[in-house]
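Chains, contacts and geometry: an overview
As a plain string of letters, each chain reads:
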Amino acid sequence: MTGSALCRDCAAAVRGDAPRCPKCDSRRLFRHPELHALPIGHIDCDSFYATVEKRDRPELASLPVIVGGDDHRGVVAACCYVARMSGVRSAMTIREALDRCPDATIIRPNIAKYKEVGHQARAIMEAFTPLVEPISIDEAYLDLTGVEDRLNISPAQALAEIVHRFERDLRITASIGLSHNKLLAKIASDLDKPRGFSVLGRADGAAFLAPKRVTILWGVGPALERRLFADGITRVGDLQDKDEHWLVKRYGAMGRVLFNFSRGEDSRRVQPESVSKSVSSEETFDWDVTTLTALSQELRPLAEKVARRLEREGLLGRSVVLKLKTRDFQQLTRSRRVEPTRSAEAILAAGVALLEREADGRAFRLIGIGCTDLTHPDSAPDPELDLFGA
């Protein structure tokens, strides 16, 4: 591809230093030395739930909108950028959100509608490449290797055209991250929102990451962050200063991941979704629950719901995961390996065993249970052999 710039409005490749796109006269041109040579994209829809609701209710277009529960125990599932300007954030309680943005319109989530739009968005992406890996209802990785041969456009142009079709056909917006691997593409998509387009090239990764907090890296959650901080590692550059042997000795297999990620290296491939990655169900309580007995009772119908879905999809679960959220919104997840199952009783038994370790008098506002490491019955390995191979 000879173009040195990209028009973010019409996806044209623009040669030279022209200030406007010669095709559509847009000033929204993007330049980067590796722009047309990078194959991995990450598309993240902007404030997806809120954007869909504003699309369907044009009178709210310029107003603050919060999607979430409408009582004092509800939480913000999503909010538009107007509401964010007042300090509203996802997972905040509705009460706190309204304290910060009292004029906001609260809309109950319509998950079925959002899923339908998400499927429509995925169909647009899959028209350009079969290598689409959905991460959630509103974001996905794409491997656009070979799109030049098929469509005579670069991966960067393909991404811009996909998002253009989102806006034209679905009336939603999205931000794009482009790089040579998944780690950097995901990070790039967060750099310029909404309607953003950002690139992190092969030459950019290590230097860009060095001053950033370690939490920018995939896999560094609150628990690992605390361990890293305790070792004096707060910035990605601190990880870059450590050798791989030390990191593996200190953090196990995750140490090798940290060594590579801190340098902008990521060998994970874009994996199209073939079967469900997990099946789960959860419940937010009307009041905080503290006792093992009460929590176990809440777990039973959730386990039954998970079992029914596994049955419908013809799948077995090889790990049971328990999810808890405390009064102060700290989230806990615990898992246990099981023989491949779709039995509600087996799922419940594993969940209760995990719950017994956590039910120590703390107040919980949410409980959930699910199965991961899913497989079809005819491909489920012998569980004992699988344990040795894990």
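The residue numbering used here restarts from 1 in each chain and proceeds along that chain's sequence as written. Given that the model is predicted, a residue must reach a pLDDT of at least 70 before its local features are reported, and side-chain atom pairs must reach 80 or more before they are shown or counted; all residues, however, enter totals for whole chains, interfaces and linings. Computation of side-chain values: all heavy atoms of the structure, hydrogens and water removed.

**Let's talk about the sheet that holds strand β6 (residues 76-79)**
Pairing is mixed in the open sheet, where three strands are placed in the order β6-β5-β7. Single-partner strands in this sheet number two, and they are β6 and β7 (105-107). Here the average twist between neighbouring strands, direction ignored, is 30°. Paired strands, as defined in this entry, are two strands with at least two bridges between them according to DSSP. The way it works is that DSSP assigns letters per residue, a run of H or I at least four long becomes a helix, a run of E at least two long becomes a strand, and they are numbered from the N terminus. By the bridge criterion, three bridges tie strand β5 (residues 65-68) to β6 in an arrangement that is antiparallel. Axes here refer to lines fitted to C-alpha atoms; in helices the fit is confined to the stretch in contact. Angles between the N-to-C directions go from 0 to 180 degrees.

**Some details on the packing of helix α1 (residues 48-56) against helix α4 (residues 111-126)**
The packing of two helices is summarised by the inter-axis angle and the distance between the axes. Two elements in contact, α1 and α4, have axes whose closest approach is 10 Å; the angle formed by their N-to-C orientations is 95°. When the axis of α1 is compared with that of α4, the two are roughly perpendicular. Contacts between α1 and α4 involve F48, Y49, V52, E53, R55 and D56 on the former and, on the latter, I111, K113, Y114, V117 and G118. For the contact of α1 with α4, the class distribution of residues is six nonpolar, one polar and four charged. Convention used here: angles under 35 degrees read as roughly parallel, angles over 145 as roughly antiparallel, angles from 65 to 115 as roughly perpendicular, and any remaining angle as oblique. Any two residues having at least one pair of non-hydrogen atoms within 4.5 Å are treated as being in contact. The classification used treats Ala, Val, Leu, Ile, Met, Phe, Trp, Tyr, Cys and Pro as nonpolar, Asp, Glu, Lys and Arg as charged, and all other residues, Gly among them, as polar.

**Things to note about the packing of aromatic side chains**
Classification of ring pairs rests on two measures: the distance between centres of Phe, Tyr or Trp rings, Trp counted by its six-membered ring, which must be within 6.5 Å, and the angle between planes, read as stacked under 30 degrees, edge-to-face over 60 and tilted in between. As enumerated under the stated definition, the model contains six aromatic pairs in all. Each ring, one from F48 and one from Y114, has its centre 6.4 Å from the other, and the planes form 65°; the classification is edge-to-face. Here F48, found in helix α1, pairs with Y114, found in helix α4; they are 66 residues apart in sequence, far enough to count as distant. Each of the two residues, F48 as well as Y114, counts as buried. The interplanar angle of 70° and the centroid separation of 6.1 Å between the aromatic rings of W218 and F261 together place this pair among those described as edge-to-face. Linking W218 in the loop between α8 (205-209) and α9 (222-230) with F261 in helix α12 (residues 253-262), this pair joins segments that are 43 residues apart in sequence. Burial classes: relative accessible area under 20% of the type maximum marks a residue as buried, over 50% as exposed, and values in between as partly exposed (1.4 Å probe, protein chains only). W218 sits in the partly exposed class, given a relative accessible area of 48%. The class of F261 is buried, set by a relative accessible area of 5%. One aromatic cluster in this structure is built from F48, Y49 and Y114.

**A short note on unusual backbone geometry**
That bond from K193 to P194 is cis: its omega, -5°, falls within 30 degrees of zero. Topologically, P194 is positioned in the loop between α7 (182-189) and β11 (197-199). For A91, which is not glycine, the phi torsion reads 75° and is therefore positive. Within the secondary structure, A91 is located in the loop between α2 (81-84) and α3 (94-100). Even without glycine at this site, R195 takes up a positive phi of about 55°. Within the secondary structure, R195 sits in the loop between α7 and β11.

Any functional reading would require information beyond the geometric quantities listed.
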